[in-house]
Amino acid sequence: MPAEVVIGGKTLRLARRSDVTVAQRVAAHLQRRITEDDWRPYRSREDAVRAWTHLGGIRLQVMEALSLLNEA
């Protein structure tokens with residue numbers, strides 16, 4: 001059953017209801033990294049985003065919603 005969640009003012013369309021919790025958790029994790037400017041073990045924010053982009057899926061959707069993909 002498809003679900004939606006709003007992150008960063010953008011609506012993400014997800015495959016399952018359980019993905020909403022995953023998307024919220026990923027968003028909180030990325031928000032913490034943005035706030036603290038903590039990108040370890042990567043050298044920079046750009047390196048981290050580039051590496052995480054390859055993972056795809058929900059993480060990619062959340063990064064797009066938080067406008068992180070414009071930087072890589």
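Residues numbered from 1 in each chain as written. Predicted model: local features only at pLDDT ≥ 70, side-chain atom pairs only at ≥ 80, totals over all residues. Heavy atoms only, no water.

## Notes on the packing of aromatic side chains
Logical step 1: Tallied over the entire structure, the rule returns two aromatic pairs.
Logical step 2: Measuring from centroid to centroid gives 6.1 Å for tryptophan 39 and tryptophan 52, while their planes differ by 50°, and the two rings are tilted. Here tryptophan 52 lies in helix α2 (residues 45-53) and tryptophan 39 lies in the loop between α1 (18-36) and α2, a separation of 13 residues in the sequence.
Logical step 3: By relative accessible area, which is 5% here, tryptophan 39 ends up buried. (Phe/Tyr/Trp six-rings, centres within 6.5 Å; stacked < 30°, edge-to-face > 60°. Helix = DSSP H or I, 4+ residues; strand = E, 2+ residues; numbered from the N terminus. Buried < 20%, exposed > 50% of the residue type's maximum accessible area, 1.4 Å probe, protein only.)

## Examining α1
Logical step 1: Its 19 residues give α1 an end-to-end C-alpha distance of 28 Å, which sits within 8% of 27 Å, the value for a rise of 1.5 Å per residue.
Logical step 2: If you check which residues of α1 are buried, you get Asp19, Val20, Ala23, Val26, Ala27, Leu30 and Arg33. Buried positions in α1, seen along its axis, are confined to an arc of 150° and lie on one side of it. For α1, the exposed residues set more than 90 degrees away from the buried face come down to Arg25 and Thr35.
Logical step 3: Contacts made by the buried residues of α1 are with β1 (3-7), β2 (10-14), α2 and α3 (57-65).
Logical step 4: Among the residues trailing α1, aspartate 37 stands out with phi positive, at a value near 50°. (Expected span 1.5 Å × (residues − 1). Arc of directions from axis to C-beta. Contact = heavy atoms within 4.5 Å.)

## Points about the confidence of the model for the protein
Logical step 1: Confidence in the prediction of the protein, expressed as mean pLDDT, is 95, and 97% of residues score 70 or more.
Logical step 2: Looking across the protein, the model is least confident in α2, with a mean pLDDT of 95, and most confident in α1, with 98. (pLDDT = per-residue confidence, 0-100.)

## Some details on the packing of α2 against α3
Logical step 1: Where α2 meets α3, the closest approach of the two axes is 9 Å, and the angle between their N-to-C directions is 140°. Judged by the inter-axis angle, α2 sits oblique to α3. Contacts between α2 and α3 pair Val49, Trp52 and Thr53 from the former with Arg59, Leu60 and Met63 from the latter.
Logical step 2: Class assignment of the residues belonging to the contact of α2 with α3 gives a composition of four nonpolar, one polar and one charged. (Axes fitted to C-alpha atoms, helices over the stretch in contact; angles between N-to-C directions. Parallel < 35°, antiparallel > 145°, perpendicular 65-115°, else oblique. Nonpolar A, V, L, I, M, F, W, Y, C, P; charged D, E, K, R; others polar.)

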